[in-house]
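Descriptive structure summary
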Amino acid sequence: MSVIDDAPELAVVLGGGISDDGTPLPSTVARAHRAAQLARERPELALICSGGRQSGAPADGPSEAALMRDRMVGWGIDRDRVGLEDESRDTLGNAVLTAARYLHGIEPRPLWIITSPFHLQRATETFRHVLGYQWQVQAVASDETSDDVARAARETRFLQETTVFFAGIRPGDLRAIAKRLRERSPEYANIPTLARLATT
């Protein structure tokens, strides 16, 4: 049993990007900082940092998830409280891979989604659809940062694309959602976590 299996409540902190030199963007730092604050407020909370290596960032550098975990550990959070999902490239991938790796098959419980203010609606709706409504998904906003502004302007389009992606799939049907993600996005086609899910 992992700390995530045993924790009465969980939080997923979503990566906000990595610069070309491999350092986390301000929104990634802000999300990690809010996650560390929540972890101090809620000592029984276990955390999952979600985010891979984006195109443009060093291929051999740390993932968004590892960068956030290391920041949180530096702010006093026990490393053993933090799991990593380090293969996702976007919000759908965050939710599907976190569910496949950590949440599929465990008892539903309160789940906090930590991300930037502009991203809260899409992130929580995505996790609710991936996990199903028996999970108590709640949003937690990080501080707004300078790199949020440009992305906020594109959020309406991303929300519409997310609605289209889930059309016709029952909430919580992780196998069907993972299959559609692999078909839609070639970068997910060969991830073993998703391939195993398709055969279970």
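This write-up is about the structure you can find in this document. Remember, predicted model here, so these are calculated numbers, not experimental data.

Overview of the packing of helix H7 (residues 155-166) against helix H8 (residues 174-184)
- For the pair H7 and H8, interaxial distance at closest approach is 10 Å and the crossing angle is 120 degrees. Here H7 lies oblique to H8, going by the angle between them. Contacts between H7 and H8 involve Val 164, Phe 165 and Phe 166 from the first element and Ile 177, Arg 180, Leu 181 and Arg 184 from the second.
- When its residues are assigned to classes, the contact of H7 with H8 shows five nonpolar, no polar and two charged.

Thoughts on the nonpolar core
- Counting 34 residues, the largest nonpolar core has Leu 10, Leu 103, Leu 111 and Phe 127 as the members making the most contacts within it.
- Mapped by element, the contributors of at least two residues to this core are strand S1 (9-14), strand S2 (45-50), helix H4 (91-103), strand S4 (110-115), helix H5 (120-131), H7, H8 and helix H9 (192-199).
- Sort the elements by how many residues they give to this core and H4 lands first, with seven residues.
- Apart from the residues lying within four places of it in its own chain, the contact partners of Phe 127 are Val 12, Leu 14, Asn 94, Ala 95, Thr 98, Leu 111, Ile 113, Gly 132 and Val 137.
- Core analysis: the second largest hydrophobic core is formed by 20 residues, Val 13, Leu 38, Cys 49 and Ala 66 among them.

So, the pairing of S4
- Buried residues dominate S4, accounting for five of its six residues.
- Pairing geometry for S1 and S4, over four bridges, is parallel. Paired with Ala 11 across the bridge in S4 is Trp 112.
- In this sheet, strand S5 (residues 136-141) lies alongside S4 in parallel orientation, the contact comprising six bridges. Paired with Thr 115 across the strands is Ala 141, a residue of S5.
- The parallel pair S4 and S5 is bridged by H5, and the resulting crossover is right-handed.

Definitions and cut-offs
- Residues numbered from 1 in each chain as written.
- Predicted model: local features only at pLDDT ≥ 70, side-chain atom pairs only at ≥ 80, totals over all residues.
- Heavy atoms only, no water.
- Axes fitted to C-alpha atoms, helices over the stretch in contact; angles between N-to-C directions.
- Helix = DSSP H or I, 4+ residues; strand = E, 2+ residues; numbered from the N terminus.
- Parallel < 35°, antiparallel > 145°, perpendicular 65-115°, else oblique.
- Contact = heavy atoms within 4.5 Å.
- Nonpolar A, V, L, I, M, F, W, Y, C, P; charged D, E, K, R; others polar.
- Core = buried A, V, L, I, M, F, W, Y, C linked by side-chain atoms within 4.5 Å.
- Buried < 20%, exposed > 50% of the residue type's maximum accessible area, 1.4 Å probe, protein only.
- Pairing = 2+ DSSP bridges.
- Right-handed = clockwise from strand over helix to strand, strands pointing away.

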